[in-house]
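# Observations on the three-dimensional arrangement
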Amino acid sequence: MSVHPLIRLACAGVATVTATALLAGCGSDSDGGKGGKSGATRVITGDNGQITVPVDPKRVIATGYAVPVLIEANAPLVGISTWPRGLGLMTGPERATYDKLHKIGGATTKETNYEAIAAAKPDLIIIGVPKPVLGEMDLKRLASIAPVVAIGPSLPSAWRELSARQADAAGRAGHTEETRKAYQKRADELKAKYAGAVGGLDFGHLGAYTENSQGTFQREFGGSWGTNITQDIGVHYYGQVKKKSGGSSDVSETPSIEELPASLGEADAITYTVQDDGTPSASVQYVLDSPLWKNLPAVKAGKAFPIRYTAAATYAQAQRTLDVVDQALAPLLAK
């Protein structure tokens, strides 16, 4: 079984960070075969350094985490990579936009179609892939087409900061602020609602992004895909990985199934990732079927809760995740 695309994805930080793009001044960019437009430019900071970009881009390519952000921001997109992990979180109009946009690559960096990107004649390319896999892309080739700004995650929770920076890079500065405020308001409401129910409890999380469904399980800690949004309502995930090696491995690990009791045996409650339709993936179902899972104290106490929409990558999407977290944890209010 191939590695799930999310095993490479990661985001960092829970605090909202304002855009780091700096207006560097105006200039005239000749086309030069790079899809550029004459007009004002500025310099912004990407994972690939200081990049001069149009102040008001007209033809934007987006990949990875930048895809849902720029669709929501109504950026002038002329091509995107596929984003299958987030389709269930899109609104009807957003999905319609996604479907009609030209696809210039798949869900992994190796599926990038450089010829299709060139044919789209962009004046800006925003790469939203994780930093650990950025080296798999031919940035020099892309830069021969149009200015390239790489703004990708290193840890799963960084969608907060990244969404603001990606929107700003595409000339949509401030777009995320309204949705950020709505998200924070909802998170604060739920934090107050569940304070008495989750306060003092140690949670664990069973993830869905193991390399294979047999013999291992994924334990996610704070700041990971399945935990970072739930943490915003006051849920505490205890423990940490045994050995940090960068990226998502700093907040998740995949021990053998035999280690399940040692890993999650001290949890007062457990959340676990399920698919958008509420059903477990094969890797999660494998664990749920194990006698080791069924004998965990939290499971025997009826305190194992499925969480949908853990793939949220924008504030608007994460607000939907908060809603399903509210539904999932509601039984704790009655205990």
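Provided above is the structure to which this section pertains.
These notes cover the structure that comes with them. (Residues numbered from 1 in each chain as written. Predicted model: local features only at pLDDT ≥ 70, side-chain atom pairs only at ≥ 80, totals over all residues. Heavy atoms only, no water.)

A few words on the nonpolar core. Counting residues in each nonpolar core, the largest one holds 75 residues, and the members touching the most others are Leu-70, Leu-77, Phe-203, Trp-293 and Leu-329. Per-element accounting of this core gives the leading share, seven residues, to helix 12 (residues 315-329). Among all residues touching Leu-70, those that are not within four sequence positions of it are Val-60, Ala-62, Ala-75, Leu-77, Ile-126, Gln-166, Ala-167 and Ala-170. Counting 18 residues, the second largest nonpolar core, distinct from the first, contains Ile-104, Ile-125, Val-133 and Leu-142. (Core = buried A, V, L, I, M, F, W, Y, C linked by side-chain atoms within 4.5 Å. Buried < 20%, exposed > 50% of the residue type's maximum accessible area, 1.4 Å probe, protein only. Helix = DSSP H or I, 4+ residues; strand = E, 2+ residues; numbered from the N terminus. Contact = heavy atoms within 4.5 Å.)

Inspection of every chain in the model, using the stated rule, returns 14 salt bridges. A salt bridge links Glu-189 to Arg-186; its shortest N-O distance comes to 3.7 Å. A residue pair is termed a helical-turn pair when its members lie 3 or 4 positions apart in one helix, as Glu-189 and Arg-186 do in helix 6 (residues 175-198) at three residues. Linking Asp-326 and Arg-186 is a salt bridge whose minimum nitrogen-to-oxygen distance equals 3.2 Å. Residue Asp-326 is located in helix 12, and its partner Arg-186 is located in helix 6; the two are separated by 140 residues in the primary sequence. Classification of Asp-326 by relative accessible area gives buried; the value is 12%. (Salt bridge = Lys/Arg side-chain N within 4 Å of Asp/Glu carboxyl O.)

All right, on to the packing of aromatic side chains then. Two aromatic rings, taken as a pair, are described by how far apart their centres are and by the angle between their planes. This model, assessed by the stated rule, comprises seven aromatic pairs. Aromatic side chains Tyr-209 and Trp-225 sit 5.1 Å apart centroid to centroid with 80° between the ring planes, which places their arrangement in the edge-to-face category. You can see Tyr-209 sitting in the loop between strand 8 (203-207) and strand 9 (218-220) and its partner Trp-225 sitting in the loop between strand 9 and helix 7 (228-231), a full 16 residues away along the chain. Across the pair, Trp-225 and Tyr-209 agree in class, each one buried. (Phe/Tyr/Trp six-rings, centres within 6.5 Å; stacked < 30°, edge-to-face > 60°.)

Put simply, helix 5 (residues 159-169) and helix 6 touch, their axes get as near as 8 Å, and they point 155° apart. For the element pair helix 5 / helix 6, the angle class is roughly antiparallel. Touching Trp-159, Arg-160, Ser-163, Ala-164 and Ala-167 of helix 5 are His-175, Thr-176 and Tyr-183, all from helix 6. Here the contact of helix 5 with helix 6 is built from residues that sort into four nonpolar, three polar and one charged. (Axes fitted to C-alpha atoms, helices over the stretch in contact; angles between N-to-C directions. Parallel < 35°, antiparallel > 145°, perpendicular 65-115°, else oblique. Nonpolar A, V, L, I, M, F, W, Y, C, P; charged D, E, K, R; others polar.)

Moving on, we get to the packing of helix 6 against helix 12. Relative to each other, helix 6 and helix 12 sit at 15°, their axes nearing to 8 Å. Classified by the interaxial angle, the pair formed by helix 6 and helix 12 is roughly parallel. In this structure, the crossing between helix 6 and helix 12 has a hand that is left-handed. Between helix 6 and helix 12, the residues in contact are Thr-176, Thr-179, Arg-180, Ala-182, Tyr-183, Arg-186, Ala-187, Leu-190, Lys-193 and Tyr-194 and Tyr-315, Ala-316, Ala-318, Gln-319, Leu-322, Asp-323, Asp-326 and Leu-329, respectively. Residue composition of the contact of helix 6 with helix 12, grouped by class: 10 nonpolar, three polar and five charged. (Left-handed = near helix turned anticlockwise from the far one by under 90°.)

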